[in-house]
Amino acid sequence: MIMPTKHIPAEQSLLGAGAVVFSELSQPRTVTALWEAVRNTRSVGTFERFVLAVTMLYALRVVRFEAGVIVRGPP
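Structure report, in brief. This structure is a prediction, so every number in the text was calculated from the model and none was measured. (Residues numbered from 1 in each chain as written. Predicted model: local features only at pLDDT ≥ 70, side-chain atom pairs only at ≥ 80, totals over all residues. Heavy atoms only, no water.)

Okay, the pattern of salt bridges next. Under the counting rule described, the total for this entry stands at three salt bridges. In this structure, Arg29 and Glu24 form a salt bridge, with 3.6 Å as the shortest nitrogen-oxygen distance. A salt bridge links Arg39 to Glu36, with the nearest nitrogen and oxygen atoms 3.1 Å apart. (Salt bridge = Lys/Arg side-chain N within 4 Å of Asp/Glu carboxyl O.)

Spelled out as structure tokens, the structure:
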């Protein structure tokens, strides 16, 4: 589920959902604004997958939380 495989296409993997979320972070956004931007995307789809994607990006230190918003990159 995290990585695409022979049976799981990239757009259905968590990595694909993370890529969609990350692409929407060209500027810092609140969680609500980011969710609104990606909620209709097929690879994200549900709030649960959105939270998993953001958590994965945070664990990989690709995004960080700063003053109530999500921003790209390490400090």
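Alignment of strand S1 (residues 63-66) against strand S2 (residues 69-72), held across four bridges, turns out to be antiparallel. Pairing of Val63 across the sheet is with Arg72, part of S2. The loop that links S1 with its antiparallel partner S2 comprises two residues; one of these, Ala67, has a positive phi angle of about 55°. (Pairing = 2+ DSSP bridges. Helix = DSSP H or I, 4+ residues; strand = E, 2+ residues; numbered from the N terminus.)

A cluster of nonpolar side chains, contributed by Val31, Phe47, Val51, Tyr58 and Phe65, occupies part of the molecular surface with about 460 Å² of accessible area. If one sorts the elements of the nonpolar patch by residue count, helix H3 (residues 47-59) sits on top with three residues. Of note, Phe47 is situated in helix H3. (Patch = residues over 30% accessible without salt bridge, like charges linked within 9 Å, V, L, I, M, F, W, Y side chains within 5 Å. Areas by Shrake-Rupley, 256 points an atom, 1.4 Å probe, with all protein chains shown as cover.)

This next bit is on the packing of aromatic side chains. Overall, the coordinates contain four aromatic pairs when judged by the stated rule. With a centroid separation of 5.7 Å and an interplanar angle of 35°, the aromatic rings of Phe47 and Phe50 are classed as tilted. Of this pair, Phe47 and Phe50 both sit in helix H3, three residues apart, which is roughly one turn of that helix. Arranged with centres 5.3 Å apart and planes meeting at 40°, the rings of Tyr58 and Phe65 form a pair that is tilted. For Tyr58, a relative accessible area of 45% gives the class partly exposed. (Phe/Tyr/Trp six-rings, centres within 6.5 Å; stacked < 30°, edge-to-face > 60°. Buried < 20%, exposed > 50% of the residue type's maximum accessible area, 1.4 Å probe, protein only.)

On the secondary structure map, Ser13 appears in the segment before helix H1 (14-23). The class of Ser13 is buried, set by a relative accessible area of 1%. Within the structure, Ser13 has its side chain in polar contact with the backbone nitrogen of Gly16 (distance 3.1 Å). (Polar contact = N/O pair within 3.5 Å; in protein donor to acceptor, adjacent residues only side chain to side chain.)

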